[in-house]
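# Structural description and commentary
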Amino acid sequence: MYRLLLGAGGCAVAFFLVLGVVAMLPPAVQEAVPDTVIGGAVMVLGLLGAARLAKRAR
């Protein structure tokens, strides 16, 4: 259960990290970036975090 909560926390951190980076971009660039790109970046960061968590458990 602890690992599940840790993984969910990692996904939340990745989500806020990507949103923070997007918020720092100029407004014209923010509007040009599709929502699917932001969601994809969150998924990739979440998967990388899950892979690190799985390697640590072994």
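Residues numbered from 1 in each chain as written. Predicted model: local features only at pLDDT ≥ 70, side-chain atom pairs only at ≥ 80, totals over all residues. Heavy atoms only, no water.

### A few points about the overall build of the protein
Helix and strand content of the protein: three helices and zero strands. For 58 residues, the compact-globule estimate of 2.2 N^0.38 gives 10 Å, and the C-alpha radius of gyration of the protein, at 14 Å, exceeds that figure by more than 25%. Across its three principal axes, the protein shows a C-alpha extent of roughly 45 × 15 × 15 Å. Residues counted as buried form 12% of the 58 residues belonging to the protein. Carbon together with sulfur atoms contributes 74% to the accessible area of the protein, which is approximately 4,700 Å² in total. (Helix = DSSP H or I, 4+ residues; strand = E, 2+ residues; numbered from the N terminus. Rg over C-alpha atoms; globule rule 2.2 N^0.38 Å. Buried < 20%, exposed > 50% of the residue type's maximum accessible area, 1.4 Å probe, protein only. Areas by Shrake-Rupley, 256 points an atom, 1.4 Å probe, with all protein chains shown as cover.)

### What to know about the environment of Met 43
For Met 43, the position within the fold is in helix H3 (residues 35-57). Put simply, Met 43 and Phe 15 are 28 residues apart on the chain and 8.5 Å apart in space, counted from C-alpha to C-alpha.

### What to know about the confidence of the model for the protein
In the predicted model, the protein carries a mean pLDDT of 78, and 95% of its residues have values of at least 70. Element-level mean pLDDT values for the protein span from 76 in H3 up to 86 in helix H2 (residues 27-32). (pLDDT = per-residue confidence, 0-100.)

### Describing the environment of Ala 8
Along the polypeptide, Ala 8 turns up in helix H1 (residues 2-24). Between the C-alpha atom of Ala 8 and that of Pro 26, which follows or precedes it by 18 residues, the distance is 30 Å.

### As for the environment of Asp 35
The topology assignment puts Asp 35 in helix H3. Taking the C-alpha atoms as reference points, Asp 35 and Val 13, 22 residues apart in sequence, are found 18 Å from one another.

### Let's talk about a nonpolar patch on the surface
Taken together, Leu 17, Val 21, Val 44, Leu 45 and Leu 48 make up a surface patch of nonpolar side chains, about 440 Å² in accessible area. Taken together, the elements giving at least two residues each to the nonpolar patch come down to H1 and H3. With three residues, the top contributor of residues to the nonpolar patch is H3. Its location among the elements puts Leu 17 in helix H1. (Patch = residues over 30% accessible without salt bridge, like charges linked within 9 Å, V, L, I, M, F, W, Y side chains within 5 Å. Salt bridge = Lys/Arg side-chain N within 4 Å of Asp/Glu carboxyl O.)

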